[in-house]
Each structure stands twice: as structure tokens, then as C-alpha cells.
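# Residue-level structural notes
One-letter residues, chain by chain:
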Amino acid sequence: MKNSTGASVQTGIRTDLDMHKTFAAQVNIIKRPLLYVTGIVLAAMICWVWLSDETLSPEVQRALAVMPRIPPEQNAYYPLWGLNASPELDALQVGKQLVAAQAEAANAKMFAVQFSATPYWGAKPLLIRQSPRRYCKPLGDTPNCSAVLREHRETLAAELQTQAVFVQRYRDLRRYDYFEDAMIATPSAPLFPWSSTRYISELVDADIVFGVAQPSTRAAALAELHAEMRLWQKINRGTSSLITRMVCTAELASKYRLASEMLLAYPDMAIEHREIMAKITQPLTNEDTQMGRVMMGEFRFGAAFFETVSLEPDIKNNPAIDASALPPGLRRLQLAALFKPNATLNAQYTRMRLAGDFYSQSAAAIAAGQSEFDKKINYSMLDPAFWLYNPIGKISLNVSLPVFSSYVYRIQDVAGYSRLVELQRQLALNRTPLAKVGEMIAATDKNLYDPYTQKAMAFNAVTQTISFATNNKDGLKQPLISVKIAAR
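The notes below deal with the structure included here. (Residues numbered from 1 in each chain as written. Predicted model: local features only at pLDDT ≥ 70, side-chain atom pairs only at ≥ 80, totals over all residues. Heavy atoms only, no water.)

### Considering the overall build of the chain
Just so we agree on the cut-off: Secondary structure elements follow DSSP: runs of H or I no shorter than four residues count as helices, runs of E no shorter than two count as strands, and numbering proceeds from the N terminus. Burial here depends on accessible area, computed with a 1.4 Å probe over protein chains only, as a share of the maximum for the residue type. Under 20% is buried, over 50% is exposed, and the range in between is partly exposed. Accessible surface area values rest on a Shrake-Rupley calculation with a 1.4 Å probe, where residue burial reflects the displayed protein chains alone.
Along its length, the chain carries 21 helices and 3 strands. The burial tally for the chain puts 46% of its 488 residues in the buried class. Only carbon and sulfur atoms are counted for the fraction: they give 58% of the accessible area of the chain, which is about 24,400 Å².

Written as C-alpha cells, this is what we have:
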């Protein structure tokens with residue numbers, strides 16, 4: 001029995017050894033092909049990652065080569081840069097010097113140093129560090145701007161005299177025929193002195209409110225309000241900067257608000273000053289809300305930012321300063337594998353052009369197509385190709401575009417608000433009885449419809465308001481935008 005059992009065990013062991021040898025032989029047969037295939041896949045992946053950058057498309061080259069076309073003497077951009085300058089200086093000349101100095105710094109690739117406009121403003125510039133609009137806050141905070149401005153008449157009248165030089169410079173901006181951004185868009189470029197500009201704008205608003213309150217000065221005050229509307233429309237239509245567009249959006253909302261409050265307080269103005277009031281309350285058009293020019297301006301700014309990424313190994317990753325930093329040479333190799341500047345710019349140009357077209361549609365079309373558009377222009381991080389080629393560029397592109405939608409809705413909200421003010425004027429002009437207001441609004445021109453539903457504006461007979469619902473709550477800080485009409 002023992003011999004039989006031992007023989008069985010030995011036979012089993014030999015069988016296991018034979019199977020192991022057979023399996024090993026099979027593995028050896030397929031191992032080399034597997035290693036070859038794995039090697040080829042790894043080599044392909046490495047080659048894909050290290051592929052050379054794309055060539056810039058002709059469209060991108062043309063977009064990046066755009067230069068200012070409007071002469072400084074016709075371009076309000078330059079004197080706006082000189083608005084803050086010391087009283088003895090010429091605003092236009094200051095603006096020209098400042099723009100030239102910034103161009104020199106940009107061409108020298110001085111991106112690591114923030115360019116400051118302050119040295120060009122002289123010894124006694126106007127520098128406002130407080131809230132630019134102290135009295136006219138959003139509607140939820142300041143129900144009636146005109147009333148608050150009148151309450152502070154003494155203070156504001158004194159400031160109008162104290163800041164007379166700067167107020168006149170602001171008013172002089174109206175005489176320039178055009179507005180065109182003239183600085184080279186770089187991350188180190190300065191921002192416009194918007195705090196000062198909007199501070200002066202509110203002083204002028206106060207002067208208009210004081211003038212409208214007196215029948216003898218009402219016509220002149222209304223003419224100035226119309227000039228204000230034209231100034232901010234000019235800047236709004238000419239700018240290629242999103243920040244400037246947002247400032248213009250806020251300022252235009254403030255001007256329309258003054259017109260609305262005046263129509264409520266003095267409804268007969270719509271009859272007695274019908275021509276100028278019709279110009280003041282003219283609603284914003286697609287020319288005021290289109291985003292093509294702005295998206296191309298943001299594309300150029302993005303291109304300058306991507307250039308700083310390419311220069312980053314020499315600017316920030318300096319082992320002499322930071323012990324944890326890679327040597328610039330290794331950092332450049334790392335960037336070469338993960339970031340392709342030209343491929344990023346080509347993709348960004350295509351996306352920004354699509355965004356410009358999409359966001360230049362009607363408010364209703366934008367709201368309806370927003371979800372699909374976001375899917376169309378975003379890269380999926382689950383796609384292996386996302387990580388195999390230019391991942392840093394794709395990540396940068398993914399985080400840049402979606403935020404534009406909230407800004408676009410602000411513009412569309414103000415365009416809708418301008419329609420409400422025009423309806424308010426028409427109701428006052430026709431002395432429409434309260435009982436007929438709903439009927440009149442229902443029969444109004446389609447250009448005065450709710451921008452999001454493309455139906456007649458809502459009318460509430462109890463509150464005596466006409467309104468529309470915003471698409472995003474960030475618009476005018478209200479879910480519902482309305483104007484109150486004068487009851488008849």
C-alpha cells in the first residue's frame with residue numbers, strides 16, 4: 001500500500017511538473033509578442049505625448065495681429081485713461097503716453113511685473129478708493145436713486161464743484177466719435193480707473209436729477225441724460241474687453257433707471273419732451289448685446305496668458321529662489337510634454353468664435369441652447385485623448401468658457417429692462433388708463449416683449465408694475481425685473 005501510494009504521489013508530482021513546464025512553454029511562446037505589443041503601445045503613448053505642437057491657423061494669426069484702427073484724437077479710450085490725471089495735465093496726452101508705455105512693456109515680455117498707470121497721472125490725480133456708486137445701489141438696497149440723490153443734494157453739489165475739472169473731462173468723452181481698446185491685452189496690463197469714472201458718472205447723474213426737478217432746467221437735463229446714454233452705448237459697442245462690457249452694462253442700467261424714475265415722478269415729461277424722451281428710452285438692440293467682438297478680445301487676452309505659461313519656467317520656477325522648483329530646463333521639458341501653446345490657441349480661437357456667435361443670439365435662444373452649447377465646447381476628462389495630448393491646455397480651456405454665460409445674462413437683463421422703460425414711456429405718452437394697460441402691453445411691438453419668453457411683458461394691476469423674470473439670479477440682483485407705472 002505504501003509503495004502504491006508513494007508511486008501515486010510521485011506520478012502526481014511529475015504530472016504537475018509536466019503541466020507547469022507546458023504552461024511555462026506556452027507563456028514563453030506568447031510573452032514576446034505581449035512584450036512587443038506592450039512596448040509598441042507605450043511607445044505610441046510616449047510619441048503621442050511628445051508630438052510636436054500644431055502650426056497656428058491663419059485665422060488665429062490674423063486675430064492676434066489685430067491693431068487699433070481709430071486715431072487717438074477720435075478714440076475716447078485715450079482720454080478715459082487720462083481722466084484721473086492731475087488737473088494741469090491733458091487727458092488725451094496722458095492716455096497716449098500711458099498706452100505707448102504699456103505697449104513697450106508688453107513687447108519686452110515684462111509679464112511678471114504689473115504695469116501701473118499711477119505714475120503717468122501726475123502730482124494730484126483723482127484716486128477713489130471707496131465704492132464708486134455710493135448712493136445708487138441695486139434696487140433691493142436703493143428703491144429710488146433719484147430720491148436718495150436729492151436727499152444728499154448739498155453734499156453732491158459741493159462735490160460737483162470740487163471735482164469740476166474731472167467732471168468736465170468726463171463730459172468731454174462724449175465728443176469723441178469712437179471707442180476702441182488700444183492697449184495690448186496681457187495679464188499684467190492695468191485695469192481702467194473704473195472707480196473714478198463711475199464716481200464721476202454718479203455726480204453727473206445727480207446733476208441731471210437736480211435739473212429735471214425744475215421745469216426751467218428740465219430740457220437741458222434730459223439732453224444730458226441722452227448724451228450719457230450715447231456715451232455708454234458707444235463704449236459698450238466698441239469695447240473688446242469683458243470687464244469694460246460689464247461696467248457699461250451696469251452704467252446703462254443706472255441711466256435707464258434714472259429715466260424710469262423720472263417718468264414715474266413726472267409722467268407728463270413723455271408728452272412735453274416727447275422727442276428727447278423717445279431717444280432716451282430707446283431700447284438696447286442686438287448691436288448692444290452681441291458678443292463677437294468681446295469674445296475675440298478675450299481670446300487675445302487668453303493668448304497672452306498662455307504665453308506666460310510658456311515663459312513660466314524662467315519666471316517662477318527658479319531653483320535659486322525656490323528649493324523645490326525644477327531646473328528651468330527640466331521644467332520646459334515637462335511643459336513641452338503637457339502643454340502645446342499653438343494647439344491650445346487654435347482650439348481656443350474656434351471655441352471663442354463659436355461662443356461669440358452663440359452669445360450674440362436672442363436671450364431666449366441663448367437660454368434654450370445653453371446646456372447643449374456647454375456640452376459641445378467642453379472636453380471630456382474621461383476621454384483618454386484628453387490626457388494623452390495637451391492636457392494642461394485642455395484643462396485651461398475647460399475652466400475658461402462656462403463662466404461667460406452669467407455675464408451674458410446680465411447684458412440681456414439690462415436689454416430687457418430697457419424695453420420696460422420704453423413701455424413705461426409709451427404708457428405715459430398715451431396717458432393709458434390703468435384698466436387698459438394690460439391690453440396695451442399685450443398688443444405692443446414684439447421688440448418690446450419679454451426677452452426670455454418672447455411674449456408680452458407681465459402686468460400686475462395691484463402693484464402697477466410691468467416686469468419679466470431673469471434667467472439667472474445674478475442679473476440685476478433680482479429674480480424679477482420691473483418698473484412701476486404712473487397710475488391714470
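Now that the structure has been shown, the text picks up again.
### Concerning the pattern of salt bridges
Convention followed: For this analysis, a salt bridge means a side-chain nitrogen from Lys or Arg found within 4 Å of a carboxyl oxygen belonging to Asp or Glu.
What the rule picks out here adds up to 19 salt bridges. Where R174 meets E228, a salt bridge forms, and the shortest distance between an N and an O atom there is 2.9 Å. Taken together, the positions of R174 in the loop between α7 (164-172) and α8 (194-212) and E228 in helix α9 (residues 218-238) put the pair 54 residues apart, joining distant regions of the chain. Exposure remark for R174: the relative accessible area of 23% places this residue in the partly exposed category.

### Digging into the environment of F301
Within the secondary structure, F301 sits in helix α14 (residues 292-315). Along the chain, F301 and T186 lie 115 residues apart, while their C-alpha atoms are 5.8 Å from each other.

### A look at the packing of aromatic side chains
Put simply, the test is: Note on aromatic pairs: the rings of Phe, Tyr and Trp (six-membered ring only in Trp) are paired at centre separations within 6.5 Å, and the planes decide the class, stacked below 30 degrees, edge-to-face beyond 60, tilted for the rest. By definition, being over a ring means that NZ of Lys or CZ of Arg is both within 6 Å of the ring centre and within 35 degrees of the ring normal.
For the coordinates displayed, the defined rule picks out 14 aromatic pairs. Here the aromatic rings of Y452 and F468 are separated by 6.4 Å at their centres, their planes lie at 40°, and the arrangement is tilted. Of this pair, Y452 sits in the loop between α21 (434-442) and β1 (458-460) while F468 is found in strand β2 (residues 465-469), placing the two residues 16 residues apart along the sequence. A single burial state applies to Y452 and to F468, both of which are buried. One Lys or Arg, R218, reaches over the ring of Y266 and ends 4.5 Å from the middle of that ring. Lying over the aromatic face of Y379, K394 brings its terminal NZ or CZ to 5.8 Å of the ring centre.

### Let's talk about the packing of α7 against α8
What counts here: An axis is simply a line fitted to the C-alpha atoms; with a helix, the fit covers only the stretch in contact. Between two such axes, the angle follows the N-to-C directions and lies from 0 to 180 degrees. Throughout this description, any angle smaller than 35 degrees is read as roughly parallel, any larger than 145 degrees as roughly antiparallel, any in the 65 to 115 degree range as roughly perpendicular, and the remainder as oblique. When checking whether two residues touch, look at their non-hydrogen atoms; a contact exists if any pair is within 4.5 Å. When residues are sorted by character, Ala, Val, Leu, Ile, Met, Phe, Trp, Tyr, Cys and Pro go into the nonpolar class, Asp, Glu, Lys and Arg into the charged class, and all the rest, Gly among them, into the polar class.
Packing of α7 against α8 brings their axes to within 10 Å, and their N-to-C directions diverge by 90°. One finds that α7 runs roughly perpendicular with respect to α8. Touching F166, V167, Y170 and R171 of α7 are T197, I200, S201, L203, V204 and D207, all from α8. Along the lines of polarity and charge, the residues of the contact of α7 with α8 split into 6 nonpolar, 2 polar and 2 charged.

### Some points on the sheet that holds β2
Rules: We treat two strands as partners when DSSP finds at least two bridges between them.
Strand order in this open sheet of 3 strands is β1-β2-β3, and the pairing throughout is antiparallel. Both outer strands of the open sheet, β1 and β3 (480-484), are each paired with one neighbouring strand and no more. The mean inter-strand angle of the sheet, taken between neighbouring strand axes irrespective of direction, is 30°. In this structure, β1 lies alongside β2, joined through 3 bridges in antiparallel fashion. Among the inter-strand pairings, F459 is bridged to a residue of β2, identified as I466.

### Here's the deal with the packing of α9 against helix α10 (residues 242-265)
Where we set the bar: Throughout, a crossing is termed right-handed when the near helix is turned clockwise from the far one, and left-handed when it is turned anticlockwise from it by less than a right angle.
Packing of α9 against α10 brings their axes to within 9 Å, and their N-to-C directions diverge by 160°. Regarding the angle of α9 to α10, the classification is roughly antiparallel. In the crossing of α9 with α10, the sense of the turn from one axis to the other is left-handed. Across the interface between the two elements, L222, L225, E228, M229, W232, Q233, I235 and N236 from α9 touch T244, R245, V247, C248, E251, L252, K255, Y256, L258, A259 and M262 from α10. For the contact of α9 with α10, the residue count by class is 12 nonpolar, 3 polar and 4 charged.

### A word on unusual backbone geometry
Unlike most non-glycine residues, N390 shows phi in positive territory, near 55°. Locating N390 in the fold gives a position in the loop between α18 (384-388) and α19 (391-400).

### Observations regarding helix α16 (residues 341-358)
Note the following rule: In this scheme, a helix's expected span is set at 1.5 Å multiplied by one less than its residue total.
For α16, spanning 18 residues, the distance from its first C-alpha to its last is 25 Å, which sits close to the expected 26 Å at 1.5 Å a residue. For α16, the full list of buried residues reads A343, T344, L345, N346, A347, Q348, Y349, R351, M352, A355, G356 and F358.

### Thoughts on the nonpolar core
Quick reminder of the rule: Remark: nonpolar core denotes a set of buried residues (Ala, Val, Leu, Ile, Met, Phe, Trp, Tyr, Cys) joined through side-chain atoms within 4.5 Å.
Grouped together as the largest cluster of nonpolar side chains are 112 residues, with contacts concentrated most on W81, I200, W232, M262 and Y359. Looking at this core element by element, the count peaks at 12 residues for helix α20 (residues 404-429). Those residues in contact with M262, other than ones at most four positions away along the chain, are I208, V209, V212, L222, L225, P267 and M269.

### Some details on the pairing of β2
Counted residue by residue, β2 has 4 buried out of 5 residues, so it is predominantly covered. Joining the antiparallel neighbours β1 and β2 is a turn of 4 residues, in which Q464 adopts a positive phi near 60°.

### Comments concerning α7
The condition is simple: Working definition: the arc comes from the directions between the helix axis and the C-beta atoms, pointing outward to the latter.
For α7, the complete set of buried residues consists of F166, V167, R169 and Y170. Down the axis, α7 shows its buried residues gathered within 160° of arc, on one side only. Each element contacted by the buried residues of α7 is listed here: α4 (91-107), α6 (153-162), α8, α9 and α10.

### Looking at the side chain of R218
What counts here: For the charge count, each Lys or Arg is scored as positive and each Asp or Glu as negative, with His and the chain ends excluded. Any N or O atom pair separated by 3.5 Å or less is treated as a polar contact, with the protein-specific requirement of one donor-capable and one acceptor-capable atom, and with residues adjacent in sequence counted only for side-chain atom pairs.
Within the secondary structure layout, R218 lies in helix α9. An unpaired buried charge is present at R218: no salt bridge exists, and E272, the closest side chain of opposite charge, is 4.3 Å distant. Separated by 2.8 Å, the side chain of R218 and the backbone oxygen of V212 make a polar contact.

### Examining the pairing of β3
Residue alternation in β3 divides its side chains into a buried set, I481 and V483, and an unburied set, L480, S482 and K484. Direction of pairing for β2 relative to β3: antiparallel, over a ladder of 5 bridges. Bridge pairing in β3 places A469 opposite L480.

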